[in-house]
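Architecture and fold: a report
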Amino acid sequence: MISDRMDVNRVLLEMRSLKAQTQAFSPVQGTDIQPTNGRSPLQPVNQAPSFSQIMEQGVNSVNSLQKASGAMATAFEQGQSGVDITDVMIASQKSSVAFQSMLQVRNRVVESYRDIMNMPV
């Protein structure tokens, strides 16, 4: 129990340190620095994608793999030429692995959310 509390305190300390580092690059109030091209001179040119964008891309990728796998299986079942059983099985396994990975990521996100919500303030 004490080690859990120390881990939480260590994480909170690291979060505060990161916050202080990011605030070091924000413009100081009352300076005469003028923004160029509609953005602040200290703002990075390329913004990293948000967490929701990354998750959306992952879900869309898994969805497309599952659709492709289903289409290949249907094509094989209908006897279309050029569709080999090995290709169908490989596509099926790829979609299965991708779905299981996405499921594990979702479980970790939910677990992390619960841990954060249960932290003492």
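Up top is the structure.
The following paragraphs examine the structure supplied in this document. It should be emphasised that the depicted structure is a prediction, and the values quoted were computed from it without experimental measurement.

1. Digging into helix α2 (residues 51-77)
When the terminal C-alpha atoms of α2 are compared, their 39 Å separation across 27 residues agrees well with the 39 Å that a helix rising 1.5 Å per residue should span. Turning to α2, its buried residues are Val62, Ser69 and Ala75. Structurally, α2 contributes buried residues whose contacts are with α3 (85-117). Remark: Gly79 follows α2 within two positions and exhibits a positive phi of approximately 80°.

2. Some points on the side chain of Ser69
Note that Ser69 resides in helix α2. With residues up to four places along the chain from it excluded, the contact list for Ser69 reads Ala91, Ser92 and Ser95.

3. Thoughts on the side chain of Ser95
Its location among the elements puts Ser95 in helix α3. Of note is the side chain of Ser95, whose polar atom sits 2.9 Å from the backbone oxygen of Ser92. Beyond its immediate sequence surroundings of up to four residues, Ser95 is in contact with Leu65, Gln66 and Ser69.

4. A closer look at the packing of α2 against α3
Two numbers describe how α2 lies on α3: the axes approach to 9 Å, and their chain directions differ by 155°. Our classification of the angle between α2 and α3 gives roughly antiparallel. For the pair α2 and α3, the crossing hand works out as left-handed. Contacts from Phe51, Met55, Val59, Val62, Leu65, Gln66, Ser69, Met72, Ala73 and Phe76 in α2 reach Ile85, Asp87, Val88, Ala91, Ser92, Lys94, Ser95, Ala98, Phe99, Met102, Val105 and Val109 in α3. Looking at the contact of α2 with α3, its residues break down into 16 nonpolar, four polar and two charged.

5. Some thoughts on the environment of Met89
Structurally, Met89 is set in helix α3. Separated by 16 residues in sequence, Met89 and Ala73 place their C-alpha atoms 8.4 Å apart.

Basis of the calculations
Residues numbered from 1 in each chain as written. Predicted model: local features only at pLDDT ≥ 70, side-chain atom pairs only at ≥ 80, totals over all residues. Heavy atoms only, no water. Helix = DSSP H or I, 4+ residues; strand = E, 2+ residues; numbered from the N terminus. Expected span 1.5 Å × (residues − 1). Buried < 20%, exposed > 50% of the residue type's maximum accessible area, 1.4 Å probe, protein only. Contact = heavy atoms within 4.5 Å. Polar contact = N/O pair within 3.5 Å; in protein donor to acceptor, adjacent residues only side chain to side chain. Axes fitted to C-alpha atoms, helices over the stretch in contact; angles between N-to-C directions. Parallel < 35°, antiparallel > 145°, perpendicular 65-115°, else oblique. Left-handed = near helix turned anticlockwise from the far one by under 90°. Nonpolar A, V, L, I, M, F, W, Y, C, P; charged D, E, K, R; others polar.

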